[in-house]
2 protein chains.
Amino acid sequence: MSNTCEFPRPALTVDCVVFGYDGGAGLQVLLIRRGIAPFKGAWALPGGFVLMDEGLEDAARRELGEETGLKDVFLEQLFTFGAVDRDPRGRVVSVAYFALVRPDRNPARGDTDADEARWFEVDGMPEVAFDHGEILGAALERLRGKVRYQPVGFELLPKRFTLGKLQGLYEAILGREVDKRNFRRKVLAFDFLVALEEFEMGAHRPGRLYRFDRRRYEALVKRGFLFEL
Amino acid sequence: MSNTCEFPRPALTVDCVVFGYDGGAGLQVLLIRRGIAPFKGAWALPGGFVLMDEGLEDAARRELGEETGLKDVFLEQLFTFGAVDRDPRGRVVSVAYFALVRPDRNPARGDTDADEARWFEVDGMPEVAFDHGEILGAALERLRGKVRYQPVGFELLPKRFTLGKLQGLYEAILGREVDKRNFRRKVLAFDFLVALEEFEMGAHRPGRLYRFDRRRYEALVKRGFLFEL
DNA sequence: GCAAAAGTGTTTATGTTACACCCATGT
DNA sequence: ACATGGGTGTAACATAAACACTTTTGC
């Protein structure tokens, strides 16, 4: 009935792999620079200790807000890492989450030299503290698998986006090119993208904007529909 | 540098959802009857506390051995459950695993009234302790998803099995019938089943026995092959 | 001889892939 | 005018789905 230590317990932390996409070629991950030992000065995943009166996902959201200013992001539990020697301070078990954030409303974006939080392209990551490299690898693998049968890509784009941007994102995540016509036909056939009467102006021909209709998507799922790009 | 309690920590446990298949209509799960409070006398998942010097999967294997006698089973991490009030004794976070065991070399099978460990059909489960119902649901969902794109079914069958048994297992897991000819053609086309010169005798026409060739499967995976039933 | 599971091919429908050109805009 | 991304259709191919009868054994 108590939470005192009848016998020693591992410490429990959460760590977050935060993915972002700015429309460029590569997928990005948000790292923070550690201010304290161990691994002081090294890049690491945002995260920290789980409090006694908060759920695991709550802890992940809290730490994410405290360390990066991000809130209201897509968050999903990834895996729990518990190798006995993964932390030099002693036994620390970490529940890893991965987060997807839209490029708008993103505090860290821009102050890329804040010496606090910074985005790195996934192929171009620095050495990271603890076993965070392993966690990163697992997160990337999971995202690559998930994106093909669940509509998570939309969590990485602005609310309104062109099909070109959506395709670019898929290519960035999957790491290969996809055929433009086939991609457009398929994704529109699903019928959960709503064409808007607005266009993205830019240096070239304006592209029609779409938005993801989650209600429609969930209705389709209930009818036994399967996504699958 | 120490594992003493600088501040209170959640307790950490592992729980295992053990799946089995005896060739009948339904998939089964192994539960144990709790001998101590809370939920004394109730059915629950096998599991227990993680020790300071063992990894998470090691803890799951140890508990499984201690409580059910099972060893050398397929084991995969499922999800970590950490709701603040999931255990009436206080804050307890549990890393859930799911296990797949072959019907041979299975101590619990048979002594179904041992008042210790017992198999239940998945649709016919009793009330279970803590949030173990939720864990069971997650495990079943995961198994149903996984079986379609990874060859885990073989972990639930004897080393040598007929295609009829394999098909029956898939029907039990997926909860629907599959076409015999299409199933056989597809599964044989994958080329990781080895036809043996032995047959399963029974009350009817003998069926050819096959075995799963893991080496061949892994070679295929490396060549970028995708399973998918 | 009958009940029960094993075993076997073909046709049809559906989905996937490959592929090339014109359009609208900013510079 | 040119560079850049937006936008469109069709034919070949591959995969999936539907479907019925014969075989072999134990009883």
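Residues numbered from 1 in each chain as written. Chains lettered and ligands numbered in written order. Predicted model: local features only at pLDDT ≥ 70, side-chain atom pairs only at ≥ 80, totals over all residues. Heavy atoms only, no water.

### Some words on the relation of the copies chain B and chain A
Two chain copies, one operation linking them: a rotation about an axis together with a shift along it. Note the threshold: A least-squares fit on C-alpha atoms brings the copies together, and the residues used are those whose pLDDT is at least 70 in both copies.
Once chain B is rotated about the relating axis by 180 degrees and shifted along it by 0.0 Å, it coincides with chain A to within an RMSD of 0.0 Å. With respect to symmetry, the two chain copies, as superposed, fit the operation of a two-fold axis.

### Thoughts on the protein's contact with DNA strand C
Short version of the rule: Proximity criterion: a residue is near a molecule or strand once any of its heavy atoms comes within 4 Å of it. Whenever a nitrogen or oxygen atom comes within 3.5 Å of another N or O atom, the pair is scored as a polar contact, on the condition that within protein one atom can donate a hydrogen and the other can accept it, and that pairs from neighbouring residues in sequence are kept only if both atoms are in side chains. Under the scheme used here, helices are H or I runs from DSSP no shorter than 4 residues and strands are E runs no shorter than 2 residues, and both carry numbers assigned from the N terminus. Classification used: nonpolar for Ala, Val, Leu, Ile, Met, Phe, Trp, Tyr, Cys and Pro, charged for Asp, Glu, Lys and Arg, polar for all others including Gly.
In the vicinity of DNA strand C lie 20 residues, with Ala203(A), Lys180(B), Arg184(B), His204(B) and Arg208(B) positioned nearest. Sugar and phosphate atoms constitute 42% of the interface atoms of DNA strand C, taking the interface as everything within 4 Å of the protein. Within the side chain of Asn182(A), a nitrogen or oxygen atom sits 3.1 Å from a base nitrogen of DNA strand C. His204(B) is positioned with one of its side-chain polar atoms (N or O) 3.2 Å from a sugar or linking oxygen of DNA strand C. Contributing elements (two or more residues each) for the surface near DNA strand C: helix H4 (180-189) of chain A together with helix H4 (180-189) and strand E10 (207-212) of chain B. Among the residues making up the surface near DNA strand C, the classes are represented as three nonpolar, six polar and eleven charged.

### Description of the sheet that holds strand E9 (residues 193-200) of chain A
Residue and element names in this part refer to chain A. As a reminder, the rule being used: Here the rule is simple: two strands pair whenever DSSP picks up at least two bridges between them. Axes here refer to lines fitted to C-alpha atoms; in helices the fit is confined to the stretch in contact. Angles between the N-to-C directions go from 0 to 180 degrees.
Ordered in space as E8-E10-E9, the three strands form an open sheet in which the pairing is antiparallel. The sheet is open, and its two borders are formed by strand E8 (160-162) and E9, each paired with just one other strand. Recorded for the sheet is a direction-independent mean angle of 45 degrees between the axes of neighbouring strands. Sheet topology places E9 next to strand E10 (residues 207-212); five bridges connect them, and they run antiparallel. Residue pairing for E10: Val-194 is matched across the bridge by Arg-211.

### Overview of the domain arrangement of chain A
Residue and element names in this part refer to chain A. Rule in force here: Note that the domain bounds reflect an automated or database-derived domain assignment. Contact definition: two residues touch when any of their heavy atoms are within 4.5 Å. Take the accessible area each of two parts loses on contact, using a 1.4 Å probe, and add the two losses: that sum is the buried area. Think of a salt bridge as a Lys or Arg side-chain nitrogen and an Asp or Glu carboxyl oxygen that are within 4 Å of each other.
Split by domain assignment, chain A resolves into domain 1 (11-148) and domain 2 (152-222). Across the boundary between the two partners, domain 1 contributes 17 residues, which contact 15 residues of domain 2. Carbon and sulfur atoms make up 69% of the surface buried where domain 1 meets domain 2, a total of about 1,500 Å² over both sides. Three residues stand out in domain 1 for area buried against domain 2, namely Tyr-21, Arg-102 and Val-147, and they jointly supply 43% of the buried area on that side. At the surface where domain 1 touches domain 2, the tally comes to one salt bridge.

### Let's talk about the environment of Leu143(A)
Along the chain, Leu143(A) turns up in helix H2 (residues 132-146). Aside from chain neighbours lying at most four places away, what touches Leu143(A) is Phe19(A), Leu27(A), Phe98(A), Leu100(A), Val152(A) and Ile173(A).

### Structural notes on the interface of chain B and chain A
Facing 31 residues of chain B, the contacting portion of chain A comprises 31 residues. Carbon and sulfur atoms make up 60% of the surface buried where chain B meets chain A, a total of about 2,600 Å² over both sides. Sorting the residues of chain B by area buried against chain A places Arg9(B), Met52(B) and Arg91(B) first, and these three jointly supply 23% of that buried surface. Counting the contacts that link chain B with chain A gives zero salt bridges. Scanning the region where chain B abuts chain A turns up eight residue pairs in polar contact (both at pLDDT 80 or more). Secondary-structure elements contributing two or more residues to the side of chain B that touches chain A are strand E1 (11-20), strand E5 (74-81) and strand E6 (92-100) of chain B.

### Focus on the protein's contact with DNA strand D
Every one of the 20 residues lining DNA strand D counts as a neighbour, but Lys180(A), Arg184(A), Arg208(A), Ala203(B) and Arg205(B) are closest to it. Within 4 Å of the protein, the contacting atoms of DNA strand D are drawn from sugar and phosphate to the extent of 39%. A distance of 2.6 Å separates a phosphate oxygen of DNA strand D from a polar atom in the side chain of Arg184(A). In this structure, Arg208(A) approaches DNA strand D through a main-chain N or O atom, which is 2.8 Å from a phosphate oxygen. Contributing elements (two or more residues each) for the surface near DNA strand D: H4 and E10 of chain A together with H4 of chain B. By residue class, the composition of the surface near DNA strand D is three nonpolar, six polar and eleven charged.

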